[in-house]
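A structural walkthrough
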Amino acid sequence: MPIRTGQEYIDSLRGRKLKVYLFGELVRDCVDHPIIRPSINAVAETYDLAESEAGLATARSPLTGAPVNRFLHIAESAQDLVLQNKMQRRLGQKTGTCFQRCVGMDALNSLHSTTFEIDEKHGTNYHGRLLDFIRAVQEENQVIGGAMTDPKGDRSKGPSEQADPDLFTHVVERDEKGVYVSGAKAHQTGCLNSHWIVIMPTMRLTENDRDWAVVGAFPADAEGLTYVYGRQSCDTRSMEEGDIDAGNAKYGGQEALIILDRVFIPWERVFMLGEYEFASMLVERFTCYHRRSYVCKTGLGDVLIGAAGAIADYNGVPGASHIRDKLVEMTHLNETIYAAGVASSHQAHGLKSGAFINDDMLAQVCKHNVTRFPYEIGRLAQDIAGGLVVTLPSERDFRHPEAGPLLRKYLAGRKGVDVENRMRILRLIENMTMGRNAVGYLTESMHGAGSPQAQRIQIQRQMQLGYKKNLAKNLAGVRGDEGQDSPPAEPSEYFKRVFGVGDGGR
Ligand SMILES: Cc1cc2nc3c(=O)[nH]c(=O)nc-3n(C[C@H](O)[C@H](O)[C@H](O)COP(=O)(O)OP(=O)(O)OC[C@H]3O[C@@H](n4cnc5c(N)ncnc54)[C@H](O)[C@@H]3O)c2cc1C
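Residues numbered from 1 in each chain as written. Predicted model: local features only at pLDDT ≥ 70, side-chain atom pairs only at ≥ 80, totals over all residues. Heavy atoms only, no water.

1. Focus: the overall build of the protein chain
So the rule is basically this: Counting from the N terminus, the helices are DSSP H or I runs at least four residues long and the strands are E runs at least two residues long. When we talk radius of gyration, it's over C-alpha atoms, and the globule rule is simply 2.2 Å times the number of residues to the 0.38. When a residue's accessible area, from a 1.4 Å probe over protein chains only, is under 20% of the maximum for its type it is buried; when over 50% it is exposed; and in between it is partly exposed. In short, Shrake-Rupley with a 1.4 Å probe defines the accessible areas, and a residue's cover is counted only from the protein chains shown. Within this scheme the basic residues Lys and Arg register as positive and the acidic residues Asp and Glu register as negative, but His and the chain ends are omitted. Where a charge sits is defined by one atom per residue type, namely NZ (Lys), CZ (Arg), CG (Asp) or CD (Glu).
In terms of regular secondary structure, the protein chain is built from 19 helices and 14 strands. The C-alpha radius of gyration of the protein chain comes to 24 Å, within 12% of the 23 Å expected for a compact globule of 506 residues. Along the three orthogonal principal directions, the C-alpha set of the protein chain runs to about 75 × 70 × 50 Å. A total of 506 residues make up the protein chain; the buried ones form 57% of that total. When the accessible surface of the protein chain is summed, it comes to about 21,500 Å², and 52% of that surface belongs to carbon and sulfur atoms. Between the centroid of the 59 positive side chains of the protein chain and the centroid of its 64 negative side chains there is a distance of 4 Å.

Structure (C-alpha cells):
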C-alpha cells in the first residue's frame, strides 16, 4: 500500500534497523525520540499538504499515469517548477523549518536529464533504470534523501589526491550483482527520515577520479550505513517538559553524517559509474534546481515577519513608524528572495530528456540573496523583539508557584495581552534566529546548495561583461579598440533565453 497521510508516513519509519548515534549512544527508536521527532513531523506535513492542497502538492506522473507527490515528480514545464516554489513557500509557512524533501526532488530532476545524456554518449542504460526507480518510489510514495556533499578533506585537492580516499564516497568493489561503495556524506538533511538515499558526486571530476564518479540509490537502512546525528543549538530543550522554551515544539530540521562501509548498490539502482566527465553537468544542474528551491526560506521569513509583527503588538508599539518601516524592510527582503526564485522557474527551458530546468543565473541570484537576507530579517526581528528574546526565564520558572506570578506581573506587555503568549512569540523568534530552527533559516541558507562563493563563480561565468562593454561602447561612440576585449562579446545563452537578445525577442 502506498503511503498517503502524514501519519502513515510516520508509521512507515517504524521498525527499521538503522544504526544511529546521538549524544554518544545508539538510538533504539528514532521515531519517538524527542529530539528527532520534530524533524519527522516536518516531513509528514509534505504528505498532509498533498492531501489537503492536491493542486499545489501533487502532479500527474507520465510514468504511473496517476497523481504523485510533487516532490517525486519530474518537472515537465515551467509551470511545474513554479508550483514547486509555491509548495516550498507554503510548507515553510506551515512548519517554520526545513521540511527536508527538496534535495531529493532536485536530485531526481537533475539525474533525469544527466542520465539521458550519459546514455546518449556512452550507450549505457542509466536513464531507463532511473525511470524504473522513480516509478517505484512514486507508486510507494516514498521520501528520497539526496546525498551530494562529501566530507572533502583538504579543500584544495580532488578526490583521488586526498590522503584518505574515503573522504569522498567511491566504489571499492564490483561484482555480477552490483557495486560496493565506501566513504561518507556530510550534513545530510532528513536522511533518517528518508526511505531511500541517492548518492551523487559533489564536484567536477577528472579521469583519475573514475571510482568517485558514482550515482546510485539504496534504502536508508541498508547494511553498512552508520548515521551520526548533528547537534543543533538548544536541541535538548526538546527533551524538557513543556512546550514554550523549544520555541517551535512541533517542527524541526535534521542533519546527520552518513558513513558508508561497503554499502551494496544493485546494478538496477546504479545511475552513473565512471563517466567522470558528467559529474560537473550533474552538479551544475542539481545546484541550478536547488538554488532556487531556497525560496522555501521565504515561507520561514513569513513566519518570522509575523512573529515580529505580533511581538510589536504585544509590546504596544505596532504603530511606531520605525517598527512599521522595519517590517516593510523585512518583507521587501523576503519578497526579493522569492522574486528571483520564482522568476528563475518561470524562465525554464526543456532539456533533451524532456525534463524542464529553471534559469541558472536567476537561481544563483536567488540563492545568493538567501545567504544574506535571512540574517538581516533575523536581525530586525531581534531588534523589534527587545532584549527579552535572550533573557526570558524558563517555562519552569513561569509554572513555579512563587516565581510564576512575579513573572506574570513583571513581564506584562500591553494591557490585555496574555504574558504566556508574549513568551511564546519571543521563544519562536529565538528559535528561528539562534535556536534549533536557525540551522534551517540561517546557516543552511548560507551553505546549503553551496557556500556564497559558489554562486559568485557561476554569476561571474554568466555575467557577459564583454557583451555589456560593447553595449556601452556602442552608445558612447567608442571606435578603434576592437579586439581589446576578451572573452568575445557575443550574448550568452542566458541573455538569449531571458532577454531574447539575438533571437528575435523570444
Ligand atoms: C544545514 C545544512 C543542510 C545541508 N543539507 C545537505 C543535504 O541534504 N545534502 C547534501 O548533499 N549537502 C547538504 N549540505 C551541505 C552543503 O551543500 C555544504 O555545506 C556546502 O556545499 C559547503 O560545503 P562545506 O560545508 O564542506 O564547507 P566548505 O566547502 O569547507 O566551505 C567553507 C568555506 O571555504 C570556502 N572553500 C571551500 N573550498 C574551497 C576551495 N577549494 N577554494 C577556496 N575556497 C574554498 C567556501 O567558499 C566557504 O567559504 C547542507 C549544509 C547545511 C549547513
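2. Details of the domain arrangement of the protein chain
Applicable threshold: Just so you know, the domain bounds were taken from an automatic or database domain assignment. We call two residues contacting when some pair of their heavy atoms lies within 4.5 Å. Take the accessible area each of two parts loses on contact, using a 1.4 Å probe, and add the two losses: that sum is the buried area. Salt bridges are defined as contacts in which a side-chain nitrogen from Lys or Arg sits within 4 Å of a carboxyl oxygen from Asp or Glu. Each polar contact in these results corresponds to two N or O atoms within 3.5 Å; when the atoms are within protein, one needs to be able to donate a hydrogen and the other to accept it, and residues that are neighboring in sequence are counted only if both atoms are side-chain atoms. Think of it as three bins: nonpolar holds Ala, Val, Leu, Ile, Met, Phe, Trp, Tyr, Cys and Pro, charged holds Asp, Glu, Lys and Arg, and polar takes everything else, Gly as well.
Annotation of the protein chain at the domain level lists domain 1 (6-275) and domain 2 (292-459). Just the C-alpha atoms count here: the centres of domain 1 and domain 2 sit 25 Å apart. With 48 residues of domain 1 at the contact, the number on the domain 2 side is 44 residues. In total, domain 1 and domain 2 occlude about 3,500 Å² of area from one another, counting both sides; carbon and sulfur atoms represent 51% of this. Area buried by domain 1 at its contact with domain 2 is led by N85, R89 and I244, which between them contribute 22% of it. Here domain 1 and domain 2 share seven salt bridges between them. Where D106 meets R292, a salt bridge forms, and the shortest distance between an N and an O atom there is 3.6 Å. In this structure, the connection of domain 1 to domain 2 is made through 27 residue pairs in polar contact (both at pLDDT 80 or more). Listed by contribution, the elements that provide at least two residues to the side of domain 1 that touches domain 2 are α4 (78-95) and α5 (102-122). In terms of residue count, α4 provides more of the side of domain 1 that touches domain 2 than any other element does, 10 residues in total. Taken together, the residues of the side of domain 1 that touches domain 2 break down into 17 nonpolar, 19 polar and 12 charged.

3. Quick word on the site of the ligand
The criterion, for reference: We define proximity as follows: a residue is near a molecule or strand when any one of its heavy atoms falls within 4 Å of that partner.
Around the ligand sit 18 residues, and of these M148, T149, R155, H187 and T189 come closest. The contact in question runs from an oxygen atom of the ligand to an N or O atom on the side chain of R155, over 2.8 Å. Taking T189, its side chain carries an N or O atom lying 2.7 Å from a nitrogen atom of the ligand. Breaking the shell around the ligand down by element, the ones donating at least two residues are β5 (144-147), β7 (178-189) and α16 (438-447). In terms of residue class, the shell around the ligand is made up of five nonpolar, nine polar and four charged. Residues from two domains meet in the shell around the ligand; each of domain 1 (6-275) and domain 2 (292-459) gives at least three.

4. What about the environment of L72?
Residue position: L72 is located in the loop between β4 (67-69) and α4. In this structure the C-alpha to C-alpha distance between L72 and G104, which are 32 residues apart in sequence, comes to 7.9 Å. Not counting the four nearest positions on each side in its chain, L72 is found in contact with R101, L108, I134, V137, Q138, N141, Q142 and I144.

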